[in-house]
Amino acid sequence: MIYDSYDVGLAGEKAVVNWLNQKGWEITRWDTDAPGATDIEARSGNKKLLVQVKSAIYPNQPSSLSEEEERNIKSRATMKDAEAWEARVVLDRSLNPMNIEWRKLN
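Before going into details, it helps to say that this report is about the structure given with it. The structure presented is a predicted model; accordingly, all values stated were derived computationally and were not measured.

**Some thoughts on the overall build of the protein chain**
Here is step 1: Of the regular secondary structure elements, the protein chain holds two helices and five strands.
Here is step 2: Relative to the 2.2 N^0.38 estimate, which gives 13 Å for 106 residues, the radius of gyration of the protein chain is 13 Å and therefore close to what a compact globule would have.
Here is step 3: Taking all 106 residues of the protein chain together, 41% fall into the buried category.
Here is step 4: Within the protein chain, contacts between residues separated by at least 24 positions form 51% of all contacts whose residues are at least 6 apart in sequence.
Here is step 5: Roughly 6,300 Å² of accessible area belongs to the protein chain as shown, and the carbon and sulfur atoms make up 44% of that amount.
Here is step 6: For the protein chain, the distance from the average site of its 15 positive side-chain charges to the average site of its 17 negative ones is 5 Å.

Here is the structure:
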């Protein structure tokens, strides 16, 4: 089956949301109508995260954040008193997560 970038982006974001929920994080903001266009915001106790997700179908690898994307998420995180993170998600051909690679940005 062939998926478009919307499907791949949404599947990657769902994988990140599920992972965060399993680790006890509450998702406070996630716009499923615009995958890749918004950040996932999560909270656990007094700690807040802002996560930007990049996704790809194996054997491809997700792209890294551009310098501009990284600068922008760091700025948004600072305004929200949150940690900025990048999550790079590799999906199988059925859009199930195979791996999530995390990188703290600030």
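**Details of the sheet that holds strand S5 (residues 97-104)**
Within a beta sheet, neighbouring strands are joined by backbone hydrogen bonds and run either parallel or antiparallel to one another.
Here is step 1: Strands sit in the order S1-S2-S3-S4-S5 across an open sheet of five strands; the sheet is mixed. Of all the strands in the sheet, the pair left with one neighbour each is strand S1 (26-29) and S5. Looking at each pair of strands side by side, their axes are set apart by 35 degrees on average, direction ignored.
Here is step 2: Here helix H1 (residues 5-22) sits on the sheet and contacts S1, strand S2 (40-44), strand S3 (47-57), strand S4 (83-91) and S5; the angle it forms with S3, its principal contact strand, is near 140 degrees.
Here is step 3: Packed on one face of the sheet, helix H2 (residues 67-79) meets S3, S4 and S5 and runs near 155 degrees to S3.

**Focus: the side chain of Glu13**
Here is step 1: Following the sequence through the fold, Glu13 ends up in helix H1.
Here is step 2: Here Glu13 occupies a buried position and makes no salt bridge, while the nearest side chain of opposite charge, Lys14, is found at 9.4 Å.

Quick notes on the rules
- Residues numbered from 1 in each chain as written.
- Predicted model: local features only at pLDDT ≥ 70, side-chain atom pairs only at ≥ 80, totals over all residues.
- Heavy atoms only, no water.
- Helix = DSSP H or I, 4+ residues; strand = E, 2+ residues; numbered from the N terminus.
- Rg over C-alpha atoms; globule rule 2.2 N^0.38 Å.
- Buried < 20%, exposed > 50% of the residue type's maximum accessible area, 1.4 Å probe, protein only.
- Contact = heavy atoms within 4.5 Å.
- Areas by Shrake-Rupley, 256 points an atom, 1.4 Å probe, with all protein chains shown as cover.
- Lys, Arg positive; Asp, Glu negative; His and termini not counted.
- Charge placed at Lys NZ, Arg CZ, Asp CG, Glu CD.
- Pairing = 2+ DSSP bridges.
- Axes fitted to C-alpha atoms, helices over the stretch in contact; angles between N-to-C directions.
- Salt bridge = Lys/Arg side-chain N within 4 Å of Asp/Glu carboxyl O.

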